[in-house]
Amino acid sequence: PQWAARIRQLLARAAPAARVRALFTGAPWLARMGDEDEMCALAIVDESRLAPEQLAAIADRCGELGWASSLIGRKLYAFPAGFGKEHAAAYVSEQVAAEAGSAPLRLAAGDTEHDRLMLADADQAWVPAGSELARSVAGGGAGISRARITRQPGHGAAAQITRDWLAACLSR
């Protein structure tokens, strides 16, 4: 109930998702729209037709509507300001701490820019090899340079992360 109330508050402060999707509709860089959702607007773009100044204008307009936008590969995302995996992870951590009487070990794994803040907040973090984020971390990526890059991509990464998480939990 508390988390649902937080989500309702964030949505109440932002313009409806339909207004954000309307910013994308008919644009020459739009390849197609993603599924409709009240908490996210997704557009698949033709990167060759989306100039940096157009992206900046989209970000500004989204900001005016109470939304934040980001381009990851060909996907242009918009979320209500204040949404993010880091907020959900912090909420869960707070709830566990309240129940257990001490802060939990925060473990996180992620492979895209949307995961960066959650990974930065974690006590231990993993990034799958071969991912966009792994390239950034390997290059000294801001905020998550201490994240571990797995030895393998894909299923091998999932297996390593699972083993490492189990070891981290058992060592506490």
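In this convention, every chain numbers its residues from 1, walking through the sequence in written order. Given that the model is predicted, a residue must reach a pLDDT of at least 70 before its local features are reported, and side-chain atom pairs must reach 80 or more before they are shown or counted; all residues, however, enter totals for whole chains, interfaces and linings. Calculation of side-chain values draws on the structure's entire complement of heavy atoms; hydrogens and water are dropped beforehand.

**Q** Where do I start with the pattern of salt bridges in this structure?
**A** Any carboxyl oxygen of Asp or Glu that lies within 4 Å of a side-chain nitrogen of Lys or Arg is treated as forming a salt bridge with it. Applying the stated criterion across every chain yields a total of 6 salt bridges. A salt bridge links Arg21 to Glu38; its shortest N-O distance comes to 3.8 Å. With Arg21 in helix H2 (residues 17-24) and Glu38 in the loop between strand E1 (30-33) and strand E2 (41-45), this pair connects stretches of sequence that are 17 residues apart. For Arg61, the salt bridge goes to Glu64, with nearest N and O atoms at 2.9 Å. Placement of the pair is Arg61 and Glu64 together in helix H3 (residues 52-64), with a separation of 3 residues, close to one helical turn. Residue classification places Arg61 among the partly exposed residues on the basis of a relative accessible area of 31%. Here a helix means four or more residues in a row that DSSP labels H or I, a strand means two or more in a row labelled E, and each is numbered from the N terminus. When accessible area is computed with a 1.4 Å probe and restricted to protein chains, residues below 20% of their type maximum are described as buried, those above 50% as exposed, and intermediate ones as partly exposed.

**Q** Sorry, what's going on with the pairing of strand E4 (residues 75-80) here?
**A** Regular strands place their side chains on alternate faces of the sheet. Here E2 pairs with E4 via 4 bridges, running antiparallel. Among the inter-strand pairings, Ile44 is bridged to a residue of E4, identified as Lys75. Here, any two strands with at least 2 DSSP bridges between them count as paired.

**Q** How should the nonpolar core be read in this particular structure?
**A** One recurring pattern in soluble globular proteins is that nonpolar side chains are buried together. Grouping buried Ala, Val, Leu, Ile, Met, Phe, Trp, Tyr and Cys residues that are joined through side-chain atoms within 4.5 Å yields what is termed a nonpolar core. Formed by 17 residues in total, the largest nonpolar core has its most connected members in Val20, Phe24, Trp29, Ile58, Trp67, Leu76 and Ala78. Elements that contribute at least two residues to this core include exactly H2, E2, H3 and E4. Contacts are assigned to residue pairs with any non-hydrogen atoms lying within 4.5 Å of each other. In this structure Val20 touches Ala41, Cys62, Leu65, Trp67 and Ala78, once residues within four positions along its chain are discounted. By size, the runner-up hydrophobic cluster in this structure holds 11 residues, among which are Leu119, Leu133, Val137 and Ile144.

**Q** Just to check I follow, could you spell out the sheet that holds E2 for this structure?
**A** In a beta sheet, neighbouring strands pair by backbone hydrogen bonds and run either parallel or antiparallel. Taken together, the 4 strands give an open sheet; going across it, the order is E1-E2-E4-E3, and neighbouring strands pair in antiparallel fashion. The open sheet terminates on both sides in strands that have one partner only, identified here as E1 and strand E3 (67-72). Between one strand axis and the next, the sheet turns by 25 degrees as a mean value, whatever way the strands run. An axis is simply a line fitted to the C-alpha atoms; with a helix, the fit covers only the stretch in contact. Between two such axes, the angle follows the N-to-C directions and lies from 0 to 180 degrees. Sitting on the sheet, H3 is in contact with E3 and E4, with an inclination near 155 degrees to E3.

**Q** Just checking my understanding: could you explain the sheet that holds strand E6 (residues 124-127) for this structure?
**A** One open sheet accounts for 3 strands, arranged E5-E6-E7; its pairing is parallel. At either end of the open sheet lies a strand with only one pairing partner, and these are strand E5 (107-109) and strand E7 (148-149). One ladder, built from 3 bridges, connects E5 with E6; its direction is parallel. By the bridge assignment for E6, Leu107 is matched with Gln124. With respect to the sheet, helix H7 (residues 154-170) is in contact with E5, E6 and E7, its orientation differing from that of E5 by roughly 170 degrees.

**Q** So what exactly am I meant to see when it comes to the environment of Gln54 here?
**A** As for its placement among the helices and strands, Gln54 is situated in helix H3. With relative accessibility at 28%, the residue Gln54 sits in the partly exposed group. Between the alpha carbons of Gln54 and Trp29 there is a distance of 9.6 Å; along the sequence they are 25 residues apart. Ignoring any residue separated from it by four or fewer positions in sequence, one finds Gln54 in contact with Trp29 and Arg49. Side-chain polar atoms of Gln54 contact the backbone nitrogen of Ala51, separated by 2.7 Å. Counted as a polar contact is a pair of N or O atoms within 3.5 Å, where, for protein atoms, one must be capable of donating a hydrogen and the other of accepting one, and residues adjacent in sequence contribute only when both atoms are in side chains.

**Q** Sorry if this is basic, but what is going on with the environment of Ala108 here?
**A** By secondary structure assignment, the location of Ala108 is in strand E5. Separated by 19 residues in the primary sequence, Ala108 and Ala89 place their C-alpha atoms 8.7 Å from one another. Leave out the neighbours within four places in its chain, and Ala108 touches Met118, Leu119, Ala122, Gln124, Ala125, Trp126 and Trp165.

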